[in-house]
Amino acid sequence: GSTDLSFTEDVNKRYESYGWHVQTVGDVANGLDDLRSAVEAAKAVTDKPSIIKIRTVIGYGSPAKQGKSAAHGAPIGADELAITKKAYGLDPEMSFQVDADVQEVYTTRTQAVEAKKAEWDALFAKYKAAHPAKAAEIERRFNHEVAAETLDKLPTFVAGKDKDRATRKFSELCLNSLAGDLPELMGGSADLTPSNLTALKCSGDFQKATPGGRYLRFGVREHGMAAICNGLYAYGCYRPFCATFLNFAGYALGSIRLSALSRFGVLYIMTHDSIGLGEDGPTHQPTEMLESLRSMPNINVFRPADGNETSAAYRAALSTPTTPAVICCSRSTVKSLEKSTVDKALKGAYIVAGDDEGDVAAVSLDLVIIG
């Protein structure tokens, strides 16, 4: 049925209130000239974003199904399909029919864009010859490569010598140790920057007056935040990150799952990973969130126990550009593990008590957990 069964908002008015350029195209079923004109009008507006509202009818061309929910979830049936094909001027006896003139449009367009691609490749080859260092940096960013010497800037810590911190504070050190060398590292927090500790010391905010800034103020919109990061990654040459409390990953799970399905290496920094959050209460306690995230295919979930493990999490995350990563960080201070190192943590498991050969006889153990 009509969308006003569940949705009566005036979308145009909403976007006009945002300051957008707004147009409506009432009919695209009987020709595309109005839509083409609207697109050209949108292109001519360069000082604001544009949206074009298009009125459509579901199942258009099917006399028995158009405008009805039956057109959405099931095949229309052989008899109705034949009637619909006739309405569109197609041969009802043919399946997957593509008329020659339609095929010609697609073939011509393919040849045109392939020619543009060849032209661009030739231009970039000249640029690469004239500016090899800058061209190499462009290629590095688009290939999502991170130099070993950059990863080596991740901090390391010695138990008993370096100060114990919450892992969200170790995360802050890690993020800022890399940001200066990785201009493509861009992101922000869902209105929790002072808690997530994700501000970039080398860059300011991305705002209308400061478009060169790399820090995004997403506001309290976790799903939109993760979706924007997916868009940044899909565009190319960016390695986006975003942050909120771990329990609020639930608001973003649809977009996080899309990161995994799309093989987008978005970096999710989720702090306040424990149920021990005091006055925040059960709405903030991530009781089942880790299990939910870990059960998702093609996503790496890290919950570092100290500073070295946090550095290892960042190193692993940035070394796997086609797999998103969730780095879960504590609100409270944690004790450094005596035998932790970045290299050991990268193995996924290592001995934290006894000697490195596995002799734990001299250590009093109350519980051994093997996960």
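Throughout what follows, the structure given in this document is the object of discussion.

What counts, and where the lines are drawn
Residues numbered from 1 in each chain as written. Predicted model: local features only at pLDDT ≥ 70, side-chain atom pairs only at ≥ 80, totals over all residues. Heavy atoms only, no water. Phe/Tyr/Trp six-rings, centres within 6.5 Å; stacked < 30°, edge-to-face > 60°. Buried < 20%, exposed > 50% of the residue type's maximum accessible area, 1.4 Å probe, protein only. Helix = DSSP H or I, 4+ residues; strand = E, 2+ residues; numbered from the N terminus.

## So, the packing of aromatic side chains
Inference 1: All told, the structure shown has eight aromatic pairs when counted by the stated rule.
Inference 2: For the pair phenylalanine 245 and phenylalanine 248, a centre-to-centre distance of 5.7 Å together with 25 degrees between the ring planes defines the contact as stacked.
Inference 3: Residue classification places phenylalanine 245 among the buried positions, given a relative accessible area of 6%.
Inference 4: Of the residues examined, phenylalanine 248 reaches a relative accessible area of 13% and is grouped as buried.
Inference 5: For the pair phenylalanine 248 and tyrosine 251, a centre-to-centre distance of 5.7 Å together with 40 degrees between the ring planes defines the contact as tilted.
Inference 6: Look at tyrosine 251 and you get exposed, because its relative accessible area is 55%.
Inference 7: Chaining the aromatic ring pairs together yields one cluster made of Tyr15, Tyr18 and Trp20.

## Observations concerning unusual backbone geometry
Inference 1: The phi torsion at cysteine 237 lies on the positive side, around 70 degrees, for a residue other than glycine.
Inference 2: Among the structural elements, cysteine 237 can be located in the loop between helix H10 (222-235) and strand E5 (239-245).
Inference 3: With a phi angle near 60 degrees, histidine 272 is a residue other than glycine that sits in the positive phi range.
Inference 4: Relative to the helices and strands, histidine 272 resides in the loop between strand E6 (267-271) and helix H12 (289-294).

Everything listed here is a matter of coordinates, which is why it stays silent on function.
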